[in-house]
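One-letter residues, chain by chain:
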Amino acid sequence: MPASVADCWWRPFRNVGTAAVVYVDLAPDAAREAVALTWLDQEEQSRRQRFRFDGARRRFALCRAALRAILCGQLGCPNQQLAFGASHHGKPYALVNGQPAPIGFNVSHGSVHGLIAFAAEGRLGVDVEERSPARDLDGLIGSVMGPEERAELASARGNHRLHLFYHLWTVKEALMKALGTGLTPDVSGFEIPMAMRRGKKTGIFRFPHLPTVRWWLEDLGNEHFAAAIAHELSPDSH
Amino acid sequence: MASTGDRLKTLIADNLEVDGQAIAVPENLDISLLEAGVSSVDLVAFAKLVARDFNVKFTLEHCTTLNSVKEVADFIDSQPG
């Protein structure tokens, strides 16, 4: 554990309904990475070694150690009792002494920014992306956006178009991660609510194939990155 | 004609990078693009390139479920020509 709060590379970022989002600073920092490594178990250390690039190794170690530290604090358990399982589609969940922990989480990292979302109830997904100019933005738009989204993007210009693309993409990826079924349905087969496409920061969404389940969407982006969270609403919430 | 593996290596070298570095694909193609740290947006673009260049149905889901470039090559070679 870092010696003090000031040494932590993570900090509270946003509360979204009953979910809490933590920001993880993933900038290169050898001292932080050395501390982070002490938090990882053997399997995680092996996984880290398999990453081919220093950046990917660093992002994994810093995010996983932050996740462990926060979960241990919230669950009141020592790090040694905490482990992670994964669903059939690879979505991780926390185990304490081999039993599923009463808290859900989702992790995303892009470049030097990481976000971890936590909630006691409801599936949730989070995504963060650095807005890198894509080599083939038109091709990407054609692959992952629905017809109305493509129309919105066609009328946007320059930097606004890039921002709108990443805004829509992060909401879609957050939804897919929240659903936890891999990448089914196809991301171009559903569309982000019109109000959010046009600048509203929040919205409620239903998948066409799952109309009884509602998802709270919120744009978490800022001038440094695009980001979004999707959180399953309980049936009795309004 | 170049093998599927060699064509994939070229496609990756020309179109993907992580933290500004090109991805060096080993001879045996035993590398996972996800574990190499390729972003989801870049994976979408890569899937589209694979579909176009090899004339096969290849989606982001294939990118994430096939665990290595070797598995991608085997998948492509298994598709009807």
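Residues and elements named next belong to chain B. At Leu29, a residue that is not glycine, the phi angle is positive and equals roughly 65°. Take Leu29: it is sitting in the loop between strand 2 (21–22) and helix 2 (33–36). Phi at Asn55 takes a positive value of approximately 55°, unusual for a residue other than glycine. On the secondary structure map, Asn55 appears in the loop between helix 3 (40–54) and helix 4 (60–65).

It is worth spelling out the interface of chain B and chain A at this point. The partner chain A presents 21 residues to the 24 residues of chain B that form the contact. The contact between chain B and chain A buries some 1,800 Å² in all, and 57% of this surface belongs to carbon and sulfur atoms. Among the residues of chain B in contact with chain A, B:Glu35, B:Val41 and B:Lys48 are the three that bury the most area, contributing 31% of the side total. At the boundary of chain B and chain A, one finds zero salt bridges. Linking chain B with chain A are three residue pairs in polar contact (both at pLDDT 80 or more), by the criterion used here. When residues of the side of chain B that touches chain A are traced back to their parent elements, those giving at least two are helix 1 (4–15), strand 1 (17–18), strand 2, helix 2, helix 3 and helix 4 of chain B. A total of five residues in the side of chain B that touches chain A trace back to one element, the largest contributor, which is helix 3 of chain B. A breakdown of the residues in the side of chain B that touches chain A according to their chemical character gives eleven nonpolar, six polar and seven charged.

About the thresholds
Residues numbered from 1 in each chain as written. Chains lettered and ligands numbered in written order. Predicted model: local features only at pLDDT ≥ 70, side-chain atom pairs only at ≥ 80, totals over all residues. Heavy atoms only, no water. Helix = DSSP H or I, 4+ residues; strand = E, 2+ residues; numbered from the N terminus. Contact = heavy atoms within 4.5 Å. Buried area = accessible area lost by both parts, 1.4 Å probe. Salt bridge = Lys/Arg side-chain N within 4 Å of Asp/Glu carboxyl O. Polar contact = N/O pair within 3.5 Å; in protein donor to acceptor, adjacent residues only side chain to side chain. Nonpolar A, V, L, I, M, F, W, Y, C, P; charged D, E, K, R; others polar.

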